[in-house]
Amino acid sequence: MDNRPIGVFDSGIGGLTVVDALANKFSNEKIIYFGDTARLPYGNKSSKSIKHFSKQITNWLIAQDCKLIVIACNTASALALNFLRSEFSIPIIGVINPGALLANKKSKNNRIGVLGTTATISSKTYEKTLLNINSDLNVFSKACPLFVPLTEEGWISGDVPKSIAETYLKEIKESNVDTVILGCTHYPLIKPIISQILGMKIKLIDSGKASTEFVEETLRTEGIKANSSNIRRINCYVTDSIKPFSVLAGKFLSFPINSIKHIELL
């Protein structure tokens, strides 16, 4: 048994969708969430910057005695996962491979769409991962950079996000995909709009939610599950103001947050 916390990090508040999935899966695991809200979004940052930020955060989470780390950010998963694994011995899980595996499993016509930030889409990490899983797949990718600031500002319904989504999704809609990966942990917040535009027949894959199966497997194989009597706690740390984070957190989480604190990384 190992009652140390699971560490989760993202560029902002979107990674709370992963925390919510983890909290749903594990009623006895403590979770420390790090939202790098002062430096968001990561989607338009350089690979060098994202690796630097991710290493800083990982060092901090390890200092908090985390036993496992989940990169709840597709951009950081695409650009920093292998780098972090080469730097640290702690188990580190990204959200791209789990999402890709689930999408391949769900698709019937081998035509899969990927929505993500500019950095994630430009890296072609999803495309490469999907084709390594199944070389017969046809992958259609689309960068949707405005989705992140929209969700961060709480604009998850109404004419403005719908109009932007219609513009972004036009090519994906015309590509005859039957499965679409939401390749950013912010995007599940506007899933109703995406589903409305693409049509209910299109299967939407939440890559963050898919990663919880990998977390469960890692906890088991590493022998680091929490004691069954352990009490779940969710403690959040942000690099910018606490207030906007606390106001929006309820939209991302169906569980109470035990604490929210400001932290500065030097």
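Just above, that's the structure.
Residues numbered from 1 in each chain as written. Predicted model: local features only at pLDDT ≥ 70, side-chain atom pairs only at ≥ 80, totals over all residues. Heavy atoms only, no water.

Caption draft 1: Layout of the sheet that holds strand β7 (residues 179–182). Within the open sheet, the 4 strands sit side by side as β6-β5-β7-β8. Their pairing is parallel. At either margin of the open sheet sits one strand with a lone partner, and together these are β6 (138–143) and β8 (203–206). Taking the axes of each pair of neighbouring strands and ignoring which way they run, one obtains an average angle of 25 degrees across the sheet. Of the pairings in the sheet, the one linking β7 to β8 comprises 4 bridges and is parallel in character. Counted as the bridge partner of I181 is I205 from β8. Sheet strands touched by helix α9 (residues 191–198): β5 (111–116), β7 and β8. Its angle to β8, the strand with the most contacts, is close to 155 degrees. (Pairing = 2+ DSSP bridges. Helix = DSSP H or I, 4+ residues; strand = E, 2+ residues; numbered from the N terminus. Axes fitted to C-alpha atoms, helices over the stretch in contact; angles between N-to-C directions. Contact = heavy atoms within 4.5 Å.)

Caption draft 2: Empty space enclosed by the protein, seen in detail. The tally for this structure, following the rule as stated, stands at 1 cavity of 30 Å³ or more. By volume, the largest cavity amounts to about 70 Å³. Lining the largest cavity are 13 residues; nearest its centre among them are S11, C73, T75, T117 and C184. A class-by-class count of the residues in the lining of the largest cavity yields 5 nonpolar, 7 polar and 1 charged. (1 Å grid on protein atoms, 1.4 Å probe; cavity = no way out; pocket = protein on both sides within 12 Å on 5 of 7 lines; lining within 4 Å. Points joined across faces, edges and corners; volume = space filled by probe spheres on them. Nonpolar A, V, L, I, M, F, W, Y, C, P; charged D, E, K, R; others polar.)

Caption draft 3: Expanded view of helix α11 (residues 242–252). By the burial criterion, the buried members of α11 are F245, L248, A249 and F252. Down the axis of α11, the smallest arc covering the buried residues is 130 degrees, so these residues share one side. Along α11, the residues that are exposed and aim more than 90 degrees away from the buried face are K243, V247 and G250. For α11, the side-chain oxygen to backbone nitrogen distance between the N-cap and K243 is 3.4 Å, and the N-cap itself is S241. (Buried < 20%, exposed > 50% of the residue type's maximum accessible area, 1.4 Å probe, protein only. Arc of directions from axis to C-beta. Polar contact = N/O pair within 3.5 Å; in protein donor to acceptor, adjacent residues only side chain to side chain.)

Caption draft 4: Representation of the sheet that holds strand β9 (residues 234–238) in the model. Taken together, the 6 strands give an open sheet; going across it, the order is β4-β3-β1-β2-β9-β10, and neighbouring strands pair in parallel fashion. Among the strands making up the open sheet, the edge pair consists of β4 (92–93) and β10 (259–262). As defined by bridge partners, strand β2 (residues 31–35) adjoins β9 across 5 bridges and the pair is classed as parallel. Its bridge partner being in β9, I31 is matched across the sheet by I234. Here helix α10 (residues 207–221) sits on the sheet and contacts β1 (6–10), β3 (68–71) and β4; the angle it forms with β3, its principal contact strand, is near 165 degrees.

Caption draft 5: Representation of the pairing of β10 within the structure. Where β9 and β10 come together, 4 bridges link them in parallel fashion. Bridge pairing links V238 to H262 in β10. After leaving β9, the chain enters α11 and then returns to the sheet as β10, a path that is right-handed. (Right-handed = clockwise from strand over helix to strand, strands pointing away.)

Caption draft 6: Broad picture of the layout of surface pockets. Its volume calculated, the largest pocket comes out at about 310 Å³. Lining the largest pocket are 18 residues; nearest its centre among them are S77, L81, N82, R85 and N97. Only α3 (74–87), α4 (96–106), α6 (125–133) and α10 provide two or more residues apiece to the lining of the largest pocket. Considering each element in turn, the lining of the largest pocket owes the most residues, 8 residues, to α3. Split by residue class, the lining of the largest pocket holds 10 nonpolar, 7 polar and 1 charged.

Caption draft 7: Geometry of the packing of aromatic side chains. Summed over all chains, the structure comprises 6 aromatic pairs. A centroid spacing of 6.2 Å and a plane angle of 25 degrees characterise the contact between Y33 and F245, whose relative ring orientation is stacked. With Y33 in strand β2 and F245 in helix α11, this residue pair connects regions lying 212 residues apart in the sequence. Assigned by exposure class, Y33 and F245 land together as buried. Between F147 and Y187 the ring centres are 5.1 Å apart and the planes differ by 85 degrees, which places this aromatic pair in the edge-to-face class. Taken as a pair, F147 in helix α7 (residues 147–152) and Y187 in the loop between β7 and α9 lie far apart in primary sequence, 40 residues in all. A single burial state applies to F147 and to Y187, both of which are buried. (Phe/Tyr/Trp six-rings, centres within 6.5 Å; stacked < 30°, edge-to-face > 60°.)

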